[in-house]
Amino acid sequence: MQIFLDTTDVAALKTLAATGLVDGVTTNPSLIAKSGRPMLEVIAEICAVVEGPVSAEVSAMDVEGMLAEGRKLAAIAPNVVVKVPMTKEGLIAVRLFAEEGIQTNVTLCFTAAQALLAAKAGAGYVSPFIGRLDDIGEDGMQLIHDIRAVFDNYAFDTEILAASVRTAEHVQAAAIAGADCATIPPAVFEALFRHPLTEKGLQQFMLDWATAGQTIL
Ligand code: E4P
């Protein structure tokens with residue numbers, strides 16, 4: 001499974017990309033607002049750090065507006081993926097972007113039926129929001145299982161990009177459910193490395209090694 005960072009924090013991205021484990025980046029209007037910086041500038045910087053797909057979201061609600069914004073965003077770098085909302089207008093734009101060879105990510109997907117439409121429209125990625133479904137008492141992870149089944153039934157090659165991921169357990173469950181990618185905040189990326197028994201075991205090994213009084217080099 002590919003791991004994307006859901007962030008506009010370029011400094012954090014640089015640090016974490018140095019692990020070689022970051023396959024791409026996603027952003028959204030809220031994250032751009034949080035950065036307090038001009039969107040085009042932030043996206044260009046992110047694209048210079050990460051070679052993989054970088055999702056940049058349109059703000060227009062109408063087809064013509066989405067097309068104009070999407071073309072401008074796609075011109076920033078070859079790895080820009082234009083993110084469009086899961087609306088009728090959004091999916092019309094997805095179809096037109098596909099004809100132009102512009103990659104798309106359909107965001108704010110909450111049902112397998114929406115994902116089916118996004119795939120039929122020719123989206124490169126569809127983003128089911130796990131955490132926001134959990135927030136309203138539904139089972140976000142079940143949606144990943146359901147979309148996986150639908151896409152496999154009809155051999156759609158649209159990638160399932162698990163989004164609104166809040167915990168390391170979400171990442172693990174999304175991988176088991178067959179998500180192609182998960183986009184995660186930097187803190188969740190950090191949490192993926194950790195387990196209390198890893199820390200405890202390492203502490204004991206280092207203690208025993210010191211007692212042995214040996215060196216390797
Ligand atoms: C994904 O594309 C979104 O930017 C993001 O995952 C939303 O996460 P949130 O529900 O935690 O805001």
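Refer to the structure above for everything that follows.
We now turn to the structure provided with this report. Everything numeric in this text was worked out from a predicted model, so none of it was measured.

Brief notes about a nonpolar patch on the surface
Okay, step 1: Side chains of Leu202, Phe205, Met206, Trp209, Ile216 and Leu217 sit close together on the surface and give an oily, nonpolar patch of about 780 Å² of accessible area.
Okay, step 2: Looking at the element boundaries, Ile216 is found in the segment after helix 11 (196–212).
Okay, step 3: Look at Ile216 and you get exposed, because its relative accessible area is 74%.

Brief notes about the pairing of strand 3 (residues 54–57)
Okay, step 1: Residues of strand 3 alternate between two faces, with Val54 and Ala56 on one and Ser55 and Glu57 on the opposite face, all of them buried.
Okay, step 2: Where strand 2 (residues 24–26) meets strand 3, 2 bridges bridge the pair, whose relative direction is parallel. Looking at strand 3, one finds that Thr26 is bridged to Ser55.
Okay, step 3: Here strand 3 pairs with strand 4 (residues 80–85) via 4 bridges, running parallel. Across the sheet, residue Glu57 finds its bridge partner in strand 4, namely Lys83.
Okay, step 4: For the crossover that starts at strand 3, traverses helix 4 (residues 63–74) and ends in the parallel strand 4, the hand is right-handed.

Section: the site of the ligand
Okay, step 1: Taken together, Asp6, Asn28, Lys83, Phe129, Arg132, Ala163, Ser164, Arg166 and Thr183 make up all the residues around the ligand.
Okay, step 2: Between the ligand and the protein, one listed contact pairs an oxygen atom with a side-chain N or O atom of Arg166 at 3.1 Å.
Okay, step 3: Counted by class, the shell around the ligand contains 2 nonpolar, 3 polar and 4 charged residues.

Thoughts on the packing of aromatic side chains
Okay, step 1: For the coordinates displayed, the defined rule picks out 5 aromatic pairs.
Okay, step 2: Residues Phe151 and Phe156 carry aromatic rings whose centres are separated by 5.7 Å and whose planes lie at 70 degrees to one another, so their mutual orientation is edge-to-face.
Okay, step 3: For Phe156, a relative accessible area of 22% gives the class partly exposed.
Okay, step 4: Between Phe189 and Phe193, the aromatic rings sit 5.3 Å apart at their centres with planes inclined by 70 degrees, giving edge-to-face as the arrangement.

Quick notes on the rules
- Residues numbered from 1 in each chain as written.
- Predicted model: local features only at pLDDT ≥ 70, side-chain atom pairs only at ≥ 80, totals over all residues.
- Heavy atoms only, no water.
- Patch = residues over 30% accessible without salt bridge, like charges linked within 9 Å, V, L, I, M, F, W, Y side chains within 5 Å.
- Areas by Shrake-Rupley, 256 points an atom, 1.4 Å probe, with all protein chains shown as cover.
- Salt bridge = Lys/Arg side-chain N within 4 Å of Asp/Glu carboxyl O.
- Helix = DSSP H or I, 4+ residues; strand = E, 2+ residues; numbered from the N terminus.
- Buried < 20%, exposed > 50% of the residue type's maximum accessible area, 1.4 Å probe, protein only.
- Pairing = 2+ DSSP bridges.
- Right-handed = clockwise from strand over helix to strand, strands pointing away.
- Near = heavy atom within 4 Å.
- Polar contact = N/O pair within 3.5 Å; in protein donor to acceptor, adjacent residues only side chain to side chain.
- Nonpolar A, V, L, I, M, F, W, Y, C, P; charged D, E, K, R; others polar.
- Phe/Tyr/Trp six-rings, centres within 6.5 Å; stacked < 30°, edge-to-face > 60°.

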